[in-house]
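Structure at a glance
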Amino acid sequence: MSGPRAVVADDSHFMRSVISNILTEGGIEVVGQARNGAEAVELVEQESPDVVTMDVEMPKLNGIEATEQIMERCPTAVLMLSAHTEEDADVTFEALDKGAVDFVTKPGGEVSMEMSRLEDHLVEMVESVAAASGVETREESSSASSTAPTGQGSTPSEDQTIVIGSSTGGPKMVERVLSELPREADYRVLIVQHMPAGFTNRFAERIDDRSDYDVREATDDEWIEGGEALVAPGDNHLLVSDYRDGRLHVTLTDDPPVNSVRPAVDMTMGRAAEVVDDPLTGVVLTGMGQDGAAGITSIKSVGGRTIAQDEATSAVFGMPKRAIETGHVDEVLPIEDVAAGILSPTAEVTES
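A brief structural summary.

Rules behind the numbers
- Residues numbered from 1 in each chain as written.
- Predicted model: local features only at pLDDT ≥ 70, side-chain atom pairs only at ≥ 80, totals over all residues.
- Heavy atoms only, no water.
- Helix = DSSP H or I, 4+ residues; strand = E, 2+ residues; numbered from the N terminus.
- Buried < 20%, exposed > 50% of the residue type's maximum accessible area, 1.4 Å probe, protein only.
- Areas by Shrake-Rupley, 256 points an atom, 1.4 Å probe, with all protein chains shown as cover.
- Pairing = 2+ DSSP bridges.
- Axes fitted to C-alpha atoms, helices over the stretch in contact; angles between N-to-C directions.
- Contact = heavy atoms within 4.5 Å.
- Salt bridge = Lys/Arg side-chain N within 4 Å of Asp/Glu carboxyl O.
- Core = buried A, V, L, I, M, F, W, Y, C linked by side-chain atoms within 4.5 Å.
- Parallel < 35°, antiparallel > 145°, perpendicular 65-115°, else oblique.
- Left-handed = near helix turned anticlockwise from the far one by under 90°.

Along its length, the chain carries twelve helices and 15 strands. Taken across its 352 residues, the chain has 55% of its residues classed as buried. With an accessible surface of roughly 14300 Å², the chain has 44% of that area assigned to carbon and sulfur atoms.

Quick look at the structure:
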């Protein structure tokens with residue numbers, strides 16, 4: 001079989017060349033380069049690529065408008081390329097709303113070091129996204145969200161802590177799960193989404209707007225209680241350091257990456273398993289790599305509950321698959337059932 005096929009869209013000739021060279025050297029066939037969003041839409045219709053790398057700011061049609069048209073006319077996996085700016089963070093999340101799978105940050109600062117990071121990350125992301133089966137359109141996403149179970153009528157455990165981990169394709173999935181957890185469940189929620197610094201605060205604000213929980217980016221040396229959720233800040237591990245009277249104390253650390261990532265799901269889940277002595281649930285959602293597998297094992301070893309997203313609804317079935325392979329996942333659920341699964345402590349074990 002041939003490798004993945006990609007269209008590269010960027011108004012900078014330099015960046016088009018850099019990205020195309022990175023992908024080509026990584027075994028990905030670049031079937032077209034677009035200078036603006038309109039050309040990107042046209043090329044996708046002509047070439048039917050597996051993946052599009054899409055710049056945010058482009059003439060004629062910007063990345064958001066192009067992504068929206070692609071999802072309406074020829075649904076294709078889109079990876080946004082975003083700068084490390086607050087303005088681009090807003091626009092990037094808007095593109096995710098329009099159907100983009102995830103985003104990669106463009107080189108900035110020390111270009112040589114950033115290029116190396118981009119080379120390692122971009123090829124892996126394109127390969128992982130291309131390997132995923134199907135692309136969910138915005139209409140399908142909206143329809144699924146409106147019919148998803150809300151967990152009403154279930155009897156959630158009291159004093160429960162939830163740790164959610166995700167990577168590629170995760171932002172929309174995390175937002176969905178939190179939006180479907182009722183405030184009266186009164187959980188303490190820790191979220192570890194692989195995301196660079198500068199984006200996690202905006203991510204936390206989005207979840208806060210879309211859910212009944214009070215959601216914020218975690219800071220060092222703080223406590224949270226029921227009905228609150230913390231998002232691990234980019235480039236920091238989020239650790240549970242104490243638990244008393246239904247309140248969690250968390251700290252941040254810049255210790256070396258684990259599983260090549262920081263924040264790492266394994267770090268947060270592992271420390272939660274060591275410290276929390278009330279009901280504990282670990283959830284691994286879509287993402288590439290193996291982060292979360294060891295954490296799920298840690299949570300199960302202390303009698304906690306464990307859930308993994310199924311392959312059919314995962315943008316990339318890497319992290320959930322590795323977690324399932326440990327043999328310590330209680331339930332494998334489609335994304336529309338994850339919140340209900342969290343709410344139902346006696347749900348039947350299922351497999352995908």
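Here the narrative resumes, following the displayed structure.
Here we take up the sheet that holds strand β7 (residues 188–193). One open sheet holds the seven strands; their spatial order is β8-β10-β7-β6-β13-β14-β15, and the pairing between them is parallel. Both outer strands of the open sheet, β8 (214–217) and β15 (331–333), are each paired with one neighbouring strand and no more. For this sheet the average axis-to-axis angle between neighbouring strands, irrespective of direction, equals 20°. Note that strand β6 (residues 161–166) and strand β13 (residues 280–284) share five bridges and pair parallel. Within β13, the position partnered with Thr161 by the bridge is Leu280. Taken strand by strand, helix α7 (residues 170–179) contacts β6, β7, β10 (228–231) and β14 (305–309), and its axis lies near 170° from that of β7. Packing of helix α10 (residues 293–301) onto the sheet brings it into contact with β13 and β14, and relative to β13 it is tilted by some 160°.

Another point: the pattern of salt bridges. Within this structure, the stated rule accounts for 22 salt bridges. Put simply, Arg216 and Glu228 hold a salt bridge, and the shortest N to O gap is 3.8 Å. Note that Arg216 is positioned in strand β8 and Glu228 in strand β10, a separation of twelve residues in sequence. For Glu228, a relative accessible area of 15% puts it in the buried group. Note that Lys321 and Glu325 form a salt bridge whose closest N and O atoms lie 2.5 Å from each other. In this pair, Lys321 and Glu325 both sit in helix α11 (residues 319–325), four residues apart, roughly one turn of the helix. Because the salt bridges share partners, they merge into one network encompassing Asp97, Glu175, Arg206 and Arg210.

What follows concerns unusual backbone geometry. Most of the time, phi is negative for any residue but glycine, and the peptide bond is trans. Omega for the bond connecting Arg262 with Pro263 falls within 30 degrees of zero, at 15°, which places this linkage in the cis form. For Lys60, which is not glycine, the phi torsion reads 65° and is therefore positive. For Lys60, the position within the fold is in the loop between β3 (51–55) and α3 (63–73). Residue Lys60 is classed as exposed on the basis of its relative accessible area of 71%. Although it is not a glycine, Asp235 sits at a positive phi angle of roughly 70°. Locating Asp235 in the fold gives a position in the loop between β10 and β11 (237–244).

Core analysis: the largest hydrophobic core is formed by 56 residues, its most contacted members being Met54 and Leu178. Residues contacting Leu178, with those up to four places away along its chain left out, are Ile164, Val189, Ile191, Ile207, Ser211, Tyr213 and Ala229. Core analysis: the next-biggest nonpolar cluster, separate from the first, contains 26 residues, Val250, Ala273, Val284 and Ile296 among them.

Mapped onto the secondary structure, Lys98 falls in helix α4 (residues 86–98). Overall, the relative accessible area of 21% leaves Lys98 in the partly exposed class. As a C-alpha pair, Lys98 and Glu72 span 26 residues in sequence and 9.7 Å in three-dimensional space.

Buried within helix α9 (residues 265–275) we find Val265, Asp266, Thr268, Met269, Gly270, Ala272 and Ala273. Of the surrounding elements, those touching the buried residues of α9 are β6, β7, β11, β13, α10 and α11.

Another point: the environment of Leu79. Mapped onto the fold, Leu79 is located in strand β4 (residues 77–82). Ignoring anything within four residues of it in the chain, the contact list for Leu79 reads Val51, Val52, Thr53, Met54, Asp102, Met125, Val126 and Val129.

A few words now on the packing of α7 against helix α12 (residues 335–343). Where α7 contacts α12, the axes come no closer than 9 Å and their chain directions differ by 40°. Taken together, the axis directions place α7 and α12 in an arrangement best described as oblique. The element α7 and its partner α12 pack so that their crossing is right-handed. Where α7 abuts α12, its residues Met173, Arg176 and Val177 lie against Ile335, Glu336, Val338, Ala339 and Ile342.

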